[in-house]
Amino acid sequence: MKLQSVDNVKFIEGGVCASKGFRANGIQCGLAHAGAHVTKKKNDLALIVSDKECTASAVYTTNKVKGAPILVTKEHIRDGKARAVIVNSVNANTCNADGVEKAEMMCALTAKELGISADDVIVASTGVIGQVLPIEPIANGMKSLVEGLTYDGNSRAVEAIMTTDTVPKEVAVEFQLGGKTCTMGGMLKGSGMIHPNMATTLTFITTDADISAELLQRALSDVVKITLNRASVDGDTSTNDMVCVLASGSAENTPVTKENEDFEAFENALYAIMMNLARMMARDGEGATKLIECVVSGAETEKIAETVAKSVICSSLFKSAMFGEDANWGRILCAVGYADADFDINKVDVRIASDKGVIEVCKNGAGVEFSEEKAKEILSEEVIDIIISIGEGGGKAVAWGCDLTYDYVRINGDYRS
């Protein structure tokens, strides 16, 4: 899928290894299994390591049920520092009596092989909830995992975090801080159990920029609200969602310690990474055939626009219509109407667009004549834009979703198989 451009950043290759001083690897340690949605054994254990200690920040799921790795990671980066990320797929290590113990063991095994402190290791898991995580395959694979670390190992690491994902999701950019070229790269897993509620997925981001822990956390908390928090696949918020950022300072820019132009440039680069990862995630929703981007403008506030955009991309009826390539605009207006926001429904205009063109389907809250044939042609594309105006205010927001297909039910009907 084509990357969405952002001013003042340059897209490059390398994912989490694009930033100076970061190595990665992924291996098949014995957790992965073949099943209904896994056609072959794949990598199931990943490691990202910085050559030096990093400033670290994270955001986590707001689900009351939280995976043990989240509880451990919160403690480990309480000091704003970390150096490595260990993550497994297949098993979420959630709702297990020995979950925290296993998560701590993963950190200890990683630290021992790397020769660092276990407190400097971030741990994450994804997969089936409620099954005991076997630590033996991870322990047995750790030596191979560390020995295979390379400065171009990002693709092996991405494969290891995929569950029902059908494509790897990674992006990297270059940007300028005070005349120094800095780099940032990220990788994401997420295809189901995706809903806008804090982290919404497992995402790992690295940068060689020098920035304080306080401002790194502020940037991440700000940007997640307008990127990953605006992407939804199925309305289910996972138990293991986490986004973390490691900043090594290896670019040797003047440290970003206050909210100035450099801080804005850093946030802009982080937005480029997370916005594009959010779009990739929505397009690769379980069973999805289309990326749906809903842009709402004319609201009194950005929050109102965001609420309306999310309401549309979360509507199962609307999502089903998009799968059927049916310009049933009444479902759009219905979702707009039940959004918990204050606006005049009689001022709502709706257009549907893609690379095949644009048509207006609703004006001032009422339908207008349009060509069903042209609408069908527009909706046959992979990326569909729903463009909504709800007034004359300055508030604007965008949200990302996908269509709802037969395959979503098939995948989740036998997820544990």
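Here, the structure is the one placed above.
Keep in mind that this is a model prediction, so the values were computed, not measured.

A. Region of the structure containing the overall build of the protein chain. From N to C terminus, the protein chain includes 11 helices and 15 strands. Its C-alpha atoms give the protein chain a radius of gyration of 22 Å, near enough to 22 Å, the size a compact globule of 417 residues would have. Dimensions of the protein chain, computed from the C-alpha atoms along their principal axes, are close to 70 × 50 × 35 Å. The proportion of buried residues among the 417 residues of the protein chain is 56%. Counting contacts in the protein chain only where the partners sit at least 6 residues apart, residues at least 24 apart contribute 81% of the total. Here the protein chain has roughly 16600 Å² of accessible surface; of this, 47% comes from carbon and sulfur atoms. Of the charged side chains in the protein chain, 41 are positive and 58 negative, and the gap between their average positions amounts to 3 Å.

B. Inspection of the state of the cysteines at higher detail. Following the criterion strictly, the structure yields zero disulfides and no others. Free cysteine Cys314: the closest other cysteine sulfur is in Cys402, separated by 9.9 Å. You can call Cys314 partly exposed: its relative accessible area is 30%.

C. Main features of the environment of Val167. The topology assignment puts Val167 in the loop between α4 (154-161) and β6 (169-177). On a C-alpha basis, the gap between Val167 and Met281 in space is 9.4 Å, while along the polypeptide they are 114 residues apart. Setting aside its immediate chain neighbours within four residues, Val167 contacts Met162 and Asp284.

D. Looking closely at helix α6 (residues 261-283). Along its 23 residues, α6 runs 33 Å from first to last C-alpha, staying within 8% of the 33 Å computed at 1.5 Å per residue. Extensive coverage of α6 is indicated by the burial of 18 of its 23 residues. Its side-chain oxygen placed 3.1 Å from the backbone nitrogen of Asp262, Asn260 serves as the N-cap of α6.

E. The arrangement of the pairing of strand β2 (residues 22-27) in detail. The buried fraction of β2 amounts to five of the six residues, a majority that puts the element mostly inside the structure. Pairing between β2 and strand β3 (residues 45-60): six bridges, direction antiparallel. Across the sheet, residue Phe22 finds its bridge partner in β3, namely Ser50.

F. A look at unusual backbone geometry. A positive phi angle, close to 60°, is found at Glu252, a residue other than glycine. The residue Glu252 is located in the loop between β9 (242-247) and α6 in this model. Backbone geometry places Glu325, a non-glycine residue, at a positive phi of 55°. Locating Glu325 in the fold gives a position in the loop between α8 (316-323) and α9 (329-337). For Glu325, a relative accessible area of 22% gives the class partly exposed.

G. Summary view of the packing of helix α2 (residues 99-114) against helix α3 (residues 136-147). Between α2 and α3, whose axes approach to 10 Å, the crossing angle comes to 35°. Handedness of the crossing formed by α2 with α3: right-handed. Here Met106, Leu109, Thr110, Glu113 and Leu114 of α2 lie close against α3, whose contacting residues are Ile138, Ala139, Met142, Lys143 and Val146. Here the contact of α2 with α3 is built from residues that sort into seven nonpolar, one polar and two charged.

H. Examining the sheet that holds strand β15 (residues 395-402) more closely. Spatial ordering of the open sheet is given by β13-β12-β11-β14-β10-β15, a layout of six strands whose pairing is mixed. Only two strands of the sheet have a single partner each, and these edge strands are β13 (366-367) and β15. In this sheet, strand β14 (residues 383-389) lies alongside strand β10 (residues 291-299) in parallel orientation, the contact comprising seven bridges. Bridge assignment links Glu293 to a residue of β14, and that residue is Asp385. Relative to the sheet, helix α10 (residues 372-379) contacts β11 (349-354), β12 (357-363) and β14, its axis offset from that of β12 by approximately 120°.

I. Main features of the packing of aromatic side chains. On inspection of all chains with the given rule, the structure shows one aromatic pair. A ring pair is formed by Phe175 and Phe266, whose centres lie 6.3 Å apart and whose planes are at 75°; its orientation type is edge-to-face. In this pair, Phe175 sits in strand β6 while Phe266 sits in helix α6, placing the two residues 91 residues apart along the sequence.

J. Molecular detail of the nonpolar core. Core analysis: the largest hydrophobic core is formed by 43 residues, its most contacted members being Phe175, Met184 and Met274. Secondary structure elements with two or more residues in this core: β6, β7 (180-189), α5 (213-225), β9, α6, β10 and β15. No other element matches the 13 residues that α6 contributes to this core. For Met184, the residues in contact, after removing those within four places along its chain, are Ser19, Val171, Ala172, Val173, Phe175, Ile205, Thr206, Thr207, Phe266, Ala269, Leu270 and Ile273. Membership of the second largest hydrophobic core comes to 35 residues, among which are Phe318, Ala335, Val348 and Ile359.

K. Molecular detail of α3. Regarding α3, the residues found buried are Pro137, Ile138, Gly141, Met142, Leu145 and Val146. Within α3, the buried residues cover an arc of 145° as seen down the axis, which keeps them to one side. Seen from the open side of α3, the exposed residues pointing more than 90 degrees away from its buried face are Asn140 and Glu147. Among the structural elements, β2, β3, β4 (81-88) and α2 are those in contact with the buried residues of α3.

L. The arrangement of a negative patch on the surface in detail. On the surface, a cluster of negative charge is contributed by Glu53, Asp79, Glu104 and Asp119. Positionally, Glu104 belongs in helix α2.

Rules of the game
- Residues numbered from 1 in each chain as written.
- Predicted model: local features only at pLDDT ≥ 70, side-chain atom pairs only at ≥ 80, totals over all residues.
- Heavy atoms only, no water.
- Helix = DSSP H or I, 4+ residues; strand = E, 2+ residues; numbered from the N terminus.
- Rg over C-alpha atoms; globule rule 2.2 N^0.38 Å.
- Buried < 20%, exposed > 50% of the residue type's maximum accessible area, 1.4 Å probe, protein only.
- Contact = heavy atoms within 4.5 Å.
- Areas by Shrake-Rupley, 256 points an atom, 1.4 Å probe, with all protein chains shown as cover.
- Lys, Arg positive; Asp, Glu negative; His and termini not counted.
- Charge placed at Lys NZ, Arg CZ, Asp CG, Glu CD.
- Disulfide = S-S within 2.5 Å.
- Expected span 1.5 Å × (residues − 1).
- Polar contact = N/O pair within 3.5 Å; in protein donor to acceptor, adjacent residues only side chain to side chain.
- Pairing = 2+ DSSP bridges.
- Axes fitted to C-alpha atoms, helices over the stretch in contact; angles between N-to-C directions.
- Left-handed = near helix turned anticlockwise from the far one by under 90°.
- Nonpolar A, V, L, I, M, F, W, Y, C, P; charged D, E, K, R; others polar.
- Phe/Tyr/Trp six-rings, centres within 6.5 Å; stacked < 30°, edge-to-face > 60°.
- Core = buried A, V, L, I, M, F, W, Y, C linked by side-chain atoms within 4.5 Å.
- Arc of directions from axis to C-beta.
- Patch = residues over 30% accessible without salt bridge, like charges linked within 9 Å, V, L, I, M, F, W, Y side chains within 5 Å.
- Salt bridge = Lys/Arg side-chain N within 4 Å of Asp/Glu carboxyl O.

Any link to function would need more than the numbers given here.
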